[in-house]
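# Summary of the model geometry
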Amino acid sequence: MSNDNDEKSGIVKIADEVIAICAVNATLRTPGVAEFSPVFSDNFSKSFFGKDPLYKGLKISQHDDGITVDIYIVVDYGVKIPAVAWDIQENVKNEIEEMTDALVKAVNIHVQGVRMKGEGGSADEQV
């Protein structure tokens, strides 16, 4: 017997966690990215639900017309922010589309700060 739900299916929804892993990997491989920056919803999730969100600094939205990813980052001092943002957008879009076959509608980059480098070359201050 056939189930009506099986016949109506055709849209595959990919778990946000899978998309997030792709986005995190692609972002952190991009030169100039110091780290992810927590967003308000991360703090809200922790205080309201009592647990840390799976991926800080990342927001995934899936719609019928594609996936939107918002990425909140801190960049290294001295990098060209528009170039880093462009590279992240390209890397994240390519990674998600290759791994999931899902259409990426937008990758929005939100630069939350700049990490300054100390004399020893280690990043020790955030502006």
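Everything quoted here is computed from the prediction, not taken from an experiment.

Definitions and limits used
Residues numbered from 1 in each chain as written. Predicted model: local features only at pLDDT ≥ 70, side-chain atom pairs only at ≥ 80, totals over all residues. Heavy atoms only, no water. Pairing = 2+ DSSP bridges. Helix = DSSP H or I, 4+ residues; strand = E, 2+ residues; numbered from the N terminus. Right-handed = clockwise from strand over helix to strand, strands pointing away. Buried < 20%, exposed > 50% of the residue type's maximum accessible area, 1.4 Å probe, protein only. Polar contact = N/O pair within 3.5 Å; in protein donor to acceptor, adjacent residues only side chain to side chain. Salt bridge = Lys/Arg side-chain N within 4 Å of Asp/Glu carboxyl O. Core = buried A, V, L, I, M, F, W, Y, C linked by side-chain atoms within 4.5 Å. Contact = heavy atoms within 4.5 Å.

Here we take up the pairing of strand S4 (residues 104–117). Each regular strand carries side chains that alternate between the two faces of the sheet. One ladder, built from 10 bridges, connects strand S3 (residues 66–76) with S4; its direction is parallel. What sits directly across from Ile73, in S4, is Val111. Since S3 and S4 lie parallel, the crossover through helix H4 (residues 81–100) that links them has a hand, and here it is right-handed.

Assignment of secondary structure puts Thr27 in helix H2 (residues 16–28). With a relative accessible area of 0%, Thr27 lands in the buried category. As a C-alpha pair, Thr27 and Ile88 span 61 residues in sequence and 5.6 Å in three-dimensional space. In this structure the side chain of Thr27 is engaged in a polar contact, spanning 2.7 Å, whose partner is the backbone oxygen of Ala23.

For the structure shown, the criterion picks out 4 salt bridges. A salt bridge links Asp65 to Lys105; the shortest N-O distance between them is 3.4 Å. Taken together, the residues Asp65 in the loop between strand S2 (58–63) and S3 and Lys105 in strand S4 connect sequence positions 40 residues apart. Classification of Asp65 as partly exposed rests on a relative accessible area of 44%. When its relative accessible area of 45% is taken as the criterion, Lys105 is described as partly exposed.

Let us look at the nonpolar core. Within the largest apolar cluster, 25 residues are counted, with the highest numbers of intra-cluster contacts made by Leu58, Val69, Ile71, Ile73, Ile88, Val92 and Ile96. Those elements that place two or more of their residues in this core are H2, strand S1 (33–36), S2, S3, H4 and S4. Looking at this core element by element, the count peaks at 6 residues for H2. Excluding its chain neighbours within four sequence positions, the residues that come into contact with Val92 are Ala23, Ala26, Thr27, Ile71 and Val107.

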